[in-house]
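# Working through the structure, step by step
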Amino acid sequence: MATHKIAVIAGDGIGQEVMPEGLRVLEAAADKFGIDLQIDHFDFSSWQYFERHGQMLPDNWKDQIGGHDAIYFGAVGWPEKIPDHVSLWGSLLLFRREFDQYVNLRPARLMPGITCPVVRRDGSARAPGEIDMVIVRENTEGEYSSIGGRMFAGTEREIVMQETVMSRVGVDRVLKFAFDLAQSRPKKHLTSATKSNGIAITMPYWDERVAEMAKAYPDVTVDKFHIDILTAHFVQRPDFFDVVVGSNLFGDILSDLGPACTGTIAIAPSANLNPGRTHPSLFEPVHGSAPDIAGQAKANPIGQIWSGALMLDFLGHRAAHDAVLQAIEQVLAPGSGAPRTPDLGGCAKTQDLGRAITQALQSL
Ligand code: NAD
Ligand code: IPM
Ligand code: MN
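Residues numbered from 1 in each chain as written. Chains lettered and ligands numbered in written order. Predicted model: local features only at pLDDT ≥ 70, side-chain atom pairs only at ≥ 80, totals over all residues.

## Considering the overall build of the protein
Along its length, the protein carries 12 helices and 12 strands. Here the protein holds 364 residues, and 46% of them are scored as buried. Residue pairs at least 24 apart in sequence account for 74% of intrachain contacts in the protein once pairs closer than 6 positions are excluded. (Helix = DSSP H or I, 4+ residues; strand = E, 2+ residues; numbered from the N terminus. Buried ≥ 20, exposed ≤ 12 C-beta atoms within 10 Å, placed from the backbone. Contact = placed C-beta atoms within 7 Å.)

This is the structure we're talking about:
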């Protein structure tokens, strides 16, 4: 069997703490399913690297990681040391763009043993699996553009502007991915996030492309909501959603809100995909470096571990993905007696939860 080359970048803050647990589970899955992994660690994309080199990445970063099959990423950002836009545009956002990872796939599912903070309209609790959506976020253009600038800096006439960019290729390819995904799921339901009432050029264009794409998927139920009311619907009836597709910024916002509705953003995974596989895809938790809890071994590693499962799936190992998810669910299940980190209402350490999931996986 071919060896999969994985570039590991733990990054900043709790990235350093959750990555070892992600790797522990990944290696256990590889052992169990006979998967051959070559793991290469890189220390760049961290504030310490920046302090030593004056930049987030080495000049030849593409040569160093571009030949890998996947990148397993922790988190980046340490605003006390480096302004966020400098560290993020100097690493993660550059990877997404330069490796053309145009789909950011972010599942949000209510897991067993997690109290759902958004009750049903009648006040009753929601059941595991009742919320089960996938957010498909456009990941290379939209509101995250580098086109713009500052004029008359420091004067009363100061102006800043930044353009939103939507290309037909860029919009259509992410929509096609989202429609294909919706078609493959039992509910076959796609929701588009828009704001075409107020943002009157790019968003009507987005709607137009959604309507055009929908013609090729007559079996998919399509609806659209303006982003403002869509956030309200997420909270009031999260069970309604199946596949939700949005621009870069709307997808970013919804992919924190969706997981928050399922109890904790700490378990949310993401896959930054280059579907054509001409470049490596990148797998990381949705959360960031969490400076408020970093260094205390309090971080929940499930977002990192689940992201590793998405990576195994992308590399062709669906059974290994399913087993990791089963192990996570077993450990979270009520009455499992397994350790829980503080965000889950317990006082266990990051490693305790990582080890419990590893053991559950090994004994499946
Ligand atoms: P954050 O996700 O780091 O933290 C938000 C809150 O969630 C914090 O209270 C934190 O303690 C908690 N939290 C996050 N992950 C957790 C985990 N695994 N277990 C338990 N609790 C967890 O978001 P932020 O505070 O807005 O950002 C902090 C830094 O991370 C910034 O520099 C930001 O730019 C960066 N960031 C990076 C990424 C990324 O690398 N993909 C994503 C988001 C934010
Ligand atoms: C995410 C993060 C990043 C984004 C930040 C850190 C630039 O919030 O991965 O969701 O906005 O994409
Ligand atoms: Mn985000």
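## Description of the domain arrangement of the protein
Its domain assignment divides the protein into domain 1 (1–104 + 268–364) and domain 2 (115–263). Distance between the C-alpha centres of domain 1 and domain 2: 24 Å. At the junction of the two partners, domain 1 supplies 12 residues and domain 2 supplies 14 residues. Broken down by secondary-structure element, the contributors of at least two residues to the side of domain 1 that touches domain 2 are α5 (92–98) and β4 (103–109). The leading source of residues in the side of domain 1 that touches domain 2 is α5, at three residues. For the side of domain 1 that touches domain 2, a count of residues per class yields six nonpolar, three polar and three charged. (Domains from an automatic or database assignment. Nonpolar A, V, L, I, M, F, W, Y, C, P; charged D, E, K, R; others polar.)

## A few points about the UniProt feature "domain: Isopropylmalate dehydrogenase-like" (unreviewed entry) in the protein
In the UniProt entry, the feature "domain: Isopropylmalate dehydrogenase-like" (unreviewed entry) is given for residues 5–357. A distance of 24 Å separates the end C-alpha atoms of residues 5–357, which is 38% helix and 19% strand. (UniProt positions renumbered as here; feature names shortened; annotations may be inferred.)

## Brief notes about helix α12 (residues 350–362)
A rise of 1.5 Å per residue sets the reference length of α12, with its 13 residues, at 18 Å; its end C-alpha atoms lie 19 Å apart and thus fit the reference within 8%. In this fold, the buried residues of α12 make contact with α1 (15–33), α10 (302–314) and α11 (318–332). (Expected span 1.5 Å × (residues − 1).)

## So, the sheet that holds strand β5 (residues 132–138)
Reading across from one edge, β2-β1-β3-β12-β11-β4-β5-β10-β8-β9 is the order of the 10 strands in this open sheet, with mixed pairing throughout. Each having just a single partner strand, β2 (37–42) and β9 (221–226) make up the two edges of the open sheet. For this sheet, the mean angle separating the axes of adjacent strands, direction not counted, is 20°. Taken together, the three bridges between strand β3 (residues 70–75) and strand β12 (residues 281–285) define a ladder with parallel strand orientation. Of the residues in β12, the one forming a bridge with I71 is L282. (Pairing = 2+ DSSP bridges. Axes fitted to C-alpha atoms, helices over the stretch in contact; angles between N-to-C directions.)

## So, α10
The end-to-end C-alpha distance of α10, which contains 13 residues, comes to 18 Å, matching closely the 18 Å that a straight helix rising 1.5 Å per residue would cover. Here α10 lies mainly inside the structure; 12 of its 13 residues are buried. Those residues of α10 not exposed but buried are I302, G303, Q304, I305, W306, S307, G308, A309, L310, M311, L312 and F314. Once α10 finishes, G316 follows within two positions and takes phi at roughly 100°, a positive value.

## Comments concerning the site of ligand 2
If you check the shell around ligand 2, you find G77, L88, L93, D252, V286 and G288 and nothing else. For the shell around ligand 2, the class distribution of residues is three nonpolar, two polar and one charged. (Near = placed C-beta within 6 Å.)

## With respect to the site of ligand 1
G77, A266, H287, G288 and A290 are the nearest of the 23 residues found near ligand 1. When grouped by side-chain class, the residues that make up the shell around ligand 1 number 13 nonpolar, six polar and four charged.

## Observations regarding the pairing of strand β11 (residues 269–273)
A regular strand places its side chains on the two faces of the sheet in alternate fashion. For β11, the tally of buried residues reaches five of five residues, placing the bulk of the element in the interior. Going residue by residue along β11, you find P269, A271 and L273 tucked away on one face and S270 and N272 tucked away on the opposite face as well. The pairing of β4 with β11 spans three bridges and is antiparallel. Counterpart to N104 in the pairing with β11 is N272. Pairing between β11 and β12: four bridges, direction antiparallel. Bridging from a neighbouring strand, P269 pairs with P285 of β12.

## Some points on the nonpolar core
Grouped together as the largest cluster of nonpolar side chains are 101 residues, with contacts concentrated most on V324, I328 and I357. Looking at which domains feed residues into this core, each of domain 1 (1–104 + 268–364) and domain 2 (115–263) gives three or more. Sequence-distant contacts of I328, that is, excluding residues within four places in its chain, are made with I302, I305, W306 and I357. (Core = buried A, V, L, I, M, F, W, Y, C linked by C-beta atoms within 7 Å.)

## So, the confidence of the model for the protein
Considering every residue of the protein, the mean pLDDT works out to 97; 100% of them sit at 70 or more. Interface predicted TM-score (ipTM) for the complex: 0.99; the corresponding pTM is 0.98. (pLDDT = per-residue confidence, 0-100.)

## So, the pairing of β2
Strand direction decides the pairing type here: strand β1 (residues 4–11) and β2, joined by six bridges, are parallel. Bridged to V8 within β2 is H41. For the crossover from β1 across α1 to β2, the handedness is right-handed. (Right-handed = clockwise from strand over helix to strand, strands pointing away.)

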